[in-house]
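Listed below, chain by chain, are the residues.
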Amino acid sequence: MRAVLMAGGSGTRLRPLTCDLPKPMVPIVNRPIAEHIINLLKRNGINEVIATLHYLPDIMRDYFQDGGDFGVQMTYAIEEDQPLGTAGCVKNIEELLNDTFLVISGDCLTDFDLQEAIAFHKANQAQATLILTRVPNPIEFGVVITDTNNRITRFLEKPTTSEIFSDTVNTGTYILEPEVLRYLPPNEESDFSNDLFPELLEAGEPIYGYIAEGYWCDVGHLDAYREAQYACLEKRIHLDFAYPEQSTGLWIGHNTYIDSSARIERPALIGSNCRIGPRVHIEAGTVIGDNVTIGADADLKRPIIANGAIIGEESHLRACVISRGTRVDRRAHILEGAVVGSLSTVGEEAQISPGVRVWPSKKIESGAILNINLIWGNMAQRNLFGQQGVSGLANIDITPEFAVKLGAAYGSTLKPGVMVTVSRDQRAISRMVSRSLIAGMMSAGVGVKNLESTAIPLARTIIPTHNVEGGVHVRLHPDRPDSILIEFFDRKGINISKAKEKKIEGTYFKEDLRRVAISEIGTMSYASQMLEAYSQSFERQLNVEAVRMSHAKVVIDYVYAVSGAILPQLLGKFGCDAVVLNASLNQTAVSNQEREGLLMQLGHVVEAVKANFGVQVSANGEQLILVDEGGLPIRGESLTALMVNMILTAHPRSTIVVPVQVSSAVEQLARRHDAHVIRTKATPTALMEACQMNQGVVLGGSAETGFIFPQLHPGFDAMFCIAKMIEMLTVQERSLEQVRADLPRICYKSYTMRCPWTVKGALMRHLVETHAAENLELIDGVKIINRQNDNWVLILPDAEEPIVHLYANGEDRDWVELTIKEYRQRVQQFIDQEQGTEVIHV
């Protein structure tokens, strides 16, 4: 059998290690990853290897040559012009694959029994077999779901936390029949997980998952790189070391001198031709390459030191990575998680702070303290985007420096010369951040149409009417008053897709930022007549005559978050009386307790002035809480049901879109009006996309997110919601109290509990496996449904925090209480069991 070793990746998340090495050639315990893979193939009787190369192909070709020195026959296929993707590069060598073959990723470290997997493949007469494994946190991998016969039923490539239905993941190793390649187009980029396997599944081809036992690590980022080294030393993986084991847990190469006063803890690995000086302390977990010199009194606590490095006297290295040929002078400190690129110099008594990355061939002066990466920009993070845009503590996480780099990363993903809009709320911190974003975008050659201080509904309305590629909005986070939220819109005004978010993240992390010439710097202009454009769209979607006839009086509370509000002007134009409260701008956010006090005040004012209703507006014009004529607030599930009831009364036999966790009152109301309900993932982007993609949608969203009126613009709009409310109350000749009295009686309860990130995937798999498939709904999280009635319970992992949300919905209060209690206990018991297993294992 032949094996295809996919070795074309550049390994951007492993930089600076991969600045001058392809990822498969990065060393693990002093051997390239690719050599460990070839040894694995050889142990499993596979001696013919075809390596597909793209990034720095000569390095791997020069190292392995024809493979004779490694006991295999090596052939190389180079993707000359552009990468063809995981499947496209295999399609490119189709003529070499005339029998069952194995595909293995060039950046994984494993000791799986491949012969057992091959036997499984043949026994099932499969066209494709994916070798799978179970991991604690599957969010960065492709999740695979199989039936009881191990036949694959579903793929989910790199899911969000709420999509984790299993902890069984794709390891990037496949056993394939050559016939499957006919499904792929020639000379085009294609991917196994996103293209070939879903197509095979749709075509009904036999495609199976083999769950392998043993060690597996995707060496895709620096944390995984360190973890793989430690796993080798601790013998958690079976592999061939480059040196003999001199004593238990200590591997030493030939011609290495170790001073008798040096203290070495095990496990540790020291390469050939090394010199270890007097009184050196080498802590367990340390890896030292070939031709390395360690000066006297150096203290090494689990560093990974590559070939040819020189470590000076009294240096302190703490769980860091030192690349080949690097010189670290005396008394330098390199701390946890730091990475120093090849051929760099760290001066005497210099310090590199935790997590800092230094690109190759850099020099750090003596005595310097390096707190940022030694390249343009700030310290790298694992993820930028959460469930809703980019957020962080104002002027701590979201700083001007961060915003400039984020703006440059976003601009670098767009074509030079295009325009985008930038808008913000009225606070000074948002002005500062938006100006920094603008500077970054302009540096990448992207022009900016500055909308300045603008409510989000206006910004979304403006984007499709201008010739722009998208937009950015900066505001105080609606749920965290000490944080800033930065949202990115596409050319329709919808929040950008996950794929676009990943593209921006990739550009940010690998610092692949476009720098244009002076003549190509982006320009900035200011938009005009925004209010007129919004007003025209506003009026077109309203029954203006009904609003005029209402002579409604509405009390609007802006919670000190806006000045110069436009809604009173619009309502005044239609003959309505708007009483405005708390419209002055307060630079600090109002606390939840203060907000509740203002809501109570709003209720009193509504009663006192005999208004039709009151409304508290938040989230820069996106969200609202209603107060009826009796001064009682309407929010949460009651507000969602009320809006659905009114809109379906006005538009029967239409469609509404709600997030997965909303109560079943919406289905009951839809049945009354012969309407259709679409449930989506619990994200703003999913709601907006569903409203645009489906015909006949008249309302989207919920009280938690705000409400979408797709004919107006694609986003949430509290201002239009208020005007629409006046229209519908007038036409339907009802008050809010009457509408509320007409709502279905549903019992609904939610509960939030802590759940470690590493347990979330296993928890979702456990829930899927312990409930009948016909009772499950996997739109977002795991929903267990009683098909006889509207009773259900939903377990929804949070996308940004180590928590899960539990929701129970039913016709009977006792059932809801008991169900929430039961699932709290089940989830907690599973978490305790998993954590207990981890502790025992460690």
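Described in the following lines is the structure provided in the data block. (Residues numbered from 1 in each chain as written. Predicted model: local features only at pLDDT ≥ 70, side-chain atom pairs only at ≥ 80, totals over all residues. Heavy atoms only, no water.)

### Concerning the nonpolar core
Met60, Leu109 and Tyr225 are the most contacted members of the largest nonpolar core, which has 66 residues in total. The biggest single contributor to this core is helix H6 (residues 222-233), with 7 residues. Contacts of Met60, omitting those with residues within four sequence positions, involve Leu5, Ala7, Met25, Ala34, Ala51, Leu53, Gln65 and Tyr76. One finds Leu571, Phe613, Leu648 and Leu669 within the second-largest nonpolar core, a separate group that totals 62 residues. (Core = buried A, V, L, I, M, F, W, Y, C linked by side-chain atoms within 4.5 Å. Buried < 20%, exposed > 50% of the residue type's maximum accessible area, 1.4 Å probe, protein only. Helix = DSSP H or I, 4+ residues; strand = E, 2+ residues; numbered from the N terminus. Contact = heavy atoms within 4.5 Å.)

### Observations regarding the pattern of salt bridges
One pass over the structure, following the stated rule, counts 40 salt bridges. Linking Arg331 and Glu314 is a salt bridge whose minimum nitrogen-to-oxygen distance equals 3.3 Å. Here Glu314 lies in the loop between strand E25 (310-311) and strand E26 (316-318) and Arg331 lies in the loop between strand E28 (327-328) and strand E29 (333-334), a separation of 17 residues in the sequence. Of the charged contacts, one joins Arg475 and Glu622 as a salt bridge, the two residues approaching to 3.0 Å between their closest N and O atoms. Residue Arg475 is located in strand E39 (residues 471-476), and its partner Glu622 is located in the loop between strand E44 (613-618) and strand E45 (623-627); the two are separated by 147 residues in the primary sequence. Just as Arg475 is buried, Glu622 falls in that class too. Linked through salt bridges whose partners overlap, the residues forming this network are Glu314, Arg330, Arg331, Glu348 and Glu349. (Salt bridge = Lys/Arg side-chain N within 4 Å of Asp/Glu carboxyl O.)

### Considering a negative patch on the surface
A surface patch of like charges, here negative, comprises Glu189, Asp195, Glu199 and Glu202. By the element assignment, Glu199 lies in helix H5 (residues 192-202). When its relative accessible area of 36% is taken as the criterion, Glu199 is described as partly exposed. (Patch = residues over 30% accessible without salt bridge, like charges linked within 9 Å, V, L, I, M, F, W, Y side chains within 5 Å. Areas by Shrake-Rupley, 256 points an atom, 1.4 Å probe, with all protein chains shown as cover. Lys, Arg positive; Asp, Glu negative; His and termini not counted. Charge placed at Lys NZ, Arg CZ, Asp CG, Glu CD.)

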